Amino acid sequence: ALLRRGEVSVEALTRAYLARIERLEPRYSAFVQYTPERALARARRLDRERAKHRYAPRGPLWGLPTAMKDIHLARGMFARLGSRSFRYLWSPVDDLSTAAVRRAGMVIAGKLTTSELAILPVIDTDIHPPTRNPWDPDRYSGGSSGGSSAALAAGMLPIAVASDGAGSIRIPAAFCGLVGHKFSRGVPPNPFSRFE
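Let me sum up the structure you'll find in this document. Keep in mind that what you see is a predicted model, and the values were worked out from it rather than measured.

### A short note on the overall build of the protein chain
Working step 1: Within the protein chain, the secondary structure is distributed over six helices and seven strands.
Working step 2: Mapped in sequence order, the helices and strands of the protein chain form the string α-α-β-α-β-β-β-α-β-β-β-α-α.
Working step 3: A compact globule built from 196 residues should have a C-alpha radius of gyration of about 16 Å, and the protein chain, at 16 Å, falls within 12% of that.
Working step 4: Dimensions of the protein chain along its principal axes, counting C-alpha atoms only, are 45 × 45 × 30 Å.
Working step 5: The 196 residues of the protein chain split such that 45% are buried.
Working step 6: Contacts in the protein chain between residues far apart in sequence, at least 24 positions, make up 66% of those at least 6 positions apart.
Working step 7: Carbon and sulfur atoms make up 57% of the accessible area of the protein chain, which amounts to about 10800 Å² in all.
Working step 8: Mean positive and mean negative side-chain charge positions of the protein chain (29 and 17 charges, respectively) differ by 6 Å.

Spelled out as structure tokens, the structure:
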């Protein structure tokens, strides 16, 4: 609400969340890639656009910091999919989800951990430390969207991207005491629908 009313800038909000990420990330290992400079550049750009087009309509997610699950392609970032096999996979493009997040005017602070190939219900891979539950760091945060649940439960982000084919939103949400939302089939756009 403060952001929508212009009482706080996107940059100030982003800086507050980045400070929390820097302080808490070593305890929970929610991020596999952290891009604070890019996030701040995006926040400043959004603030300039708001100043220039003061009365332009903005959606409810505009200006909020977030991060992408590491199975999503995000321009200029790696897509490791939780696997050593993909540790050097760098993306020059955004996938549909990342493009939608950018269109909504959100600020992407990095990539969140996932289990290897987004298959397992816990995140304990060879490419980073296990992702921990902020309520009890001796326990896992769930999977495969465990980076998202850990970041949210720790207050490192106000909202995070997750995906769910067999419980990958619901399991981490249950582990970390959160509400996860899985769209009904057919609601989000299907990139393969033109081939069916």
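### Notes on a nonpolar patch on the surface
Working step 1: Taken together, the side chains of L73, F86, L89, V93, L117, I119 and L120 present a nonpolar region at the surface, about 580 Å² in accessible area.
Working step 2: Judged by relative accessible area, which is 60%, I119 ranks as exposed.

### Some points on the side chain of T114
Working step 1: Take T114: it is sitting in the loop between β5 (107–112) and β6 (132–133).
Working step 2: Take T114: its relative accessible area is 1%, and that puts it in the buried class.
Working step 3: Look past the residues within four positions of T114 in its chain and what remains in contact with it is K69, D70, I71, L81, G82, I123, T125, H128 and S144.

Rules used throughout
Here, residues in each chain are numbered from 1, in the same order as that chain's written sequence. Local features are withheld for residues below a pLDDT of 70 in this predicted model, meaning they are given only at 70 or higher, and side-chain atom pairs are given and counted only at 80 or more; totals for whole chains, interfaces and linings count all residues. To obtain the side-chain values, all non-hydrogen atoms of the structure were included, while hydrogens and water were left out. To qualify as a helix, a DSSP run of H or I must reach at least 4 residues; to qualify as a strand, a run of E must reach at least 2; elements of each kind are numbered from the N terminus. Two things to know: the radius of gyration comes from C-alpha atoms, and the globule rule equals 2.2 Å times the number of residues to the power 0.38. The rule is simple: take the accessible area with a 1.4 Å probe, protein chains only, and divide by the maximum for that residue type; under 20% is buried, over 50% is exposed, in between is partly exposed. Contact definition: two residues touch when any of their heavy atoms are within 4.5 Å. A 1.4 Å probe and the Shrake-Rupley method give the accessible areas. Residues count as covered only by the protein chains that appear here. Think of it this way: Lys and Arg go in the positive column, Asp and Glu in the negative one, and His and the chain ends go nowhere. A charge is said to be at NZ when it belongs to Lys, at CZ for Arg, at CG for Asp and at CD for Glu. Residues enter patches when they are more than 30% accessible in relative terms and free of salt bridges; like-charged ones are connected within 9 Å and nonpolar ones (Val, Leu, Ile, Met, Phe, Trp, Tyr) within 5 Å. In what follows, salt bridge is the name for a side-chain nitrogen of Lys or Arg lying within 4 Å of a carboxyl oxygen of Asp or Glu.

What is shown is where atoms sit, not what they do.
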